[in-house]
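Residue strings, one per chain:
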Amino acid sequence: MRNYDESKRILITGGAGFLGSHLIDRLIERGDEVICVDNLSTGSKRNIEHLLTHPRFEFIRHDVTFPLFVEVDQIYNLGCPASPVHYQHDPVQTTKTSVHGAINMLGLAKRLRARIFQASTSEVYGDPSVHPQPETYWGNVNPIGVRSCYDEGKRCAETLFFDYHRQHRLDIRVARIFNTYGPHMHPNDGRVVSNFIVQALKGEPITLYGDGQQTRSFCYVDDLVEGFLRFMNLSAGENGQPGFPGPINLGAPREFTIRELADLILKATNSSSPLVFKPLPLDDPMQRKPDITLARQHLGWEPQVPLEDGLLKTIAYFDNLLAKGD
Ligand code: NAD
Ligand code: UDP
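Residues numbered from 1 in each chain as written. Chains lettered and ligands numbered in written order. Predicted model: local features only at pLDDT ≥ 70, side-chain atom pairs only at ≥ 80, totals over all residues. Heavy atoms only, no water.

Engineer: What am I meant to see in the pattern of salt bridges here?
Structural biologist: In total, this model carries 18 salt bridges according to the counting rule given. Linking Arg30 and Asp32 is a salt bridge whose minimum nitrogen-to-oxygen distance equals 2.7 Å. With a relative accessible area of 3%, Asp32 lands in the buried category. Arg288 serves as the salt-bridge partner of Glu123, at 2.3 Å between the closest nitrogen and oxygen. One end of the pair, Glu123, is in the loop between strand 5 (115-121) and helix 4 (148-168); the other, Arg288, is in the loop between strand 13 (275-278) and helix 8 (293-299), with 165 residues separating them in the sequence. Neither residue differs from the other here; Glu123 and Arg288 are each classed as buried. Overlapping salt bridges bring together Glu123, Arg147, Arg216, Asp284 and Arg288 as one network. (Salt bridge = Lys/Arg side-chain N within 4 Å of Asp/Glu carboxyl O. Buried < 20%, exposed > 50% of the residue type's maximum accessible area, 1.4 Å probe, protein only. Helix = DSSP H or I, 4+ residues; strand = E, 2+ residues; numbered from the N terminus.)

Engineer: For this particular structure, what's the right way to read the site of ligand 1?
Structural biologist: In the region of ligand 1, 31 residues are neighbours, and Leu19, Asp38, Thr42, Tyr150 and Lys154 sit closest. The separation between a nitrogen atom of ligand 1 and a polar main-chain atom of Asn39 is 3.2 Å. Take Thr180: an N or O atom from its main chain is 2.9 Å from an oxygen atom of ligand 1. When ligand 1 sits alone it has 820 Å² of accessible area, and the protein chains cover 97% of it. The residue makeup of the shell around ligand 1, split by class, is 13 nonpolar, 14 polar and 4 charged. (Near = heavy atom within 4 Å. Polar contact = N/O pair within 3.5 Å; in protein donor to acceptor, adjacent residues only side chain to side chain. Areas by Shrake-Rupley, 256 points an atom, 1.4 Å probe, with all protein chains shown as cover. Nonpolar A, V, L, I, M, F, W, Y, C, P; charged D, E, K, R; others polar.)

Engineer: How should I be thinking about empty space enclosed by the protein in this particular structure?
Structural biologist: The probe, sized like a water molecule, is rolled over the atoms to show the empty space still left. Taken as a whole and judged by the stated rule, the model has 1 cavity of 30 Å³ or more. Roughly 40 Å³ of volume is contained in the largest cavity. Lining of the largest cavity is provided by Asn77, Leu78, Gly79, Cys80, Thr97, Ser98, Gln118, Lys154 and Ala157. Of the residues in the lining of the largest cavity, the class split is 3 nonpolar, 5 polar and 1 charged. (1 Å grid on protein atoms, 1.4 Å probe; cavity = no way out; pocket = protein on both sides within 12 Å on 5 of 7 lines; lining within 4 Å. Points joined across faces, edges and corners; volume = space filled by probe spheres on them.)

Engineer: What exactly am I supposed to notice about a nonpolar patch on the surface here?
Structural biologist: There is a patch of nonpolar side chains on the surface, built from Tyr209, Leu280 and Met286 and spanning about 230 Å² of accessible area. With relative accessibility at 36%, the residue Leu280 sits in the partly exposed group. (Patch = residues over 30% accessible without salt bridge, like charges linked within 9 Å, V, L, I, M, F, W, Y side chains within 5 Å.)

See below:
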């Protein structure tokens, strides 16, 4: 029987992925009941296998581009490939996942009057001409490029979220997530942190794209998930009005060049892998760093884990994974 106390029944789409699996761990720890929906296209059962027999956890293999009927109190919509290599593999499915997935999840939230969180992205800013990026910046996105399936899909999803908010008074929470790393990243997803760590641990060349002077800001996954929970737990407005919808940037405000990241990883792994330079992928943003003033104000949130410490935990994870031959 369901326990009708403070605990909630929460749906996580993309729950078998990197971020989703960490979020689920926190929710289960807190006493909530979790339904994880995932088509396992980029996620893995390995990330949730410790929960498969847990009485408050349920896994449903399902593609969010199709309607879903479940009864829940809250929804976190994370289902979408996140690495450029993965989302460019089947770009039509990527746009469908963002757009049809948003429509299906918003429809579900509307029927249930459930609060719904959207995992949006710093990619809505494209290759930004404003630096650092505040939420008021409208972005610089190529609508027809190889990254557009992801960027424009996520922008359209934001539009849908805000239209459901205005038109149906839905209680939405839109977070724009900046580069995040940590255990449970896919070893072959092509993202820079996982690539460099795996290459360094295997003694293979570290692949720097372009001259390595492009910048990113890296947030450790535990910090990010704390931001998700604080945002989602902000109470609704007065007289049944929805609460603060965002969009809100969540990410680390410390900026690194990709070359600096490579040096940090080489040092932390004590690796002598050589650096090799490869062509810069099309439309690769040259700089990225969040302005997190809003997150500080509304959530009292800022990342706590320095990159050097988070990298050590991530390296330990990949070291173990490689030792097991995965
Ligand atoms: P991930 O690829 O590890 O996880 C995504 C999960 O969604 C996977 O388990 C995948 O199987 C699932 N999925 C994909 N398409 C689906 C579909 N059609 N139906 C059901 N499930 C589907 O990526 P992640 O890093 O955990 O990202 C999670 C979310 O956060 C994504 O929406 C992503 O766009 C967003 N995000 C992540 C980052 C980051 O740095 N990790 C940055 C910005 C935004
Ligand atoms: N990058 C790199 N070598 C790699 C993978 C990525 O130099 O092996 C660069 C990539 O060109 C980009 C940055 O690292 O400038 C971050 O790439 P990632 O795919 O992690 O995420 P993005 O922020 O581009 O979505």
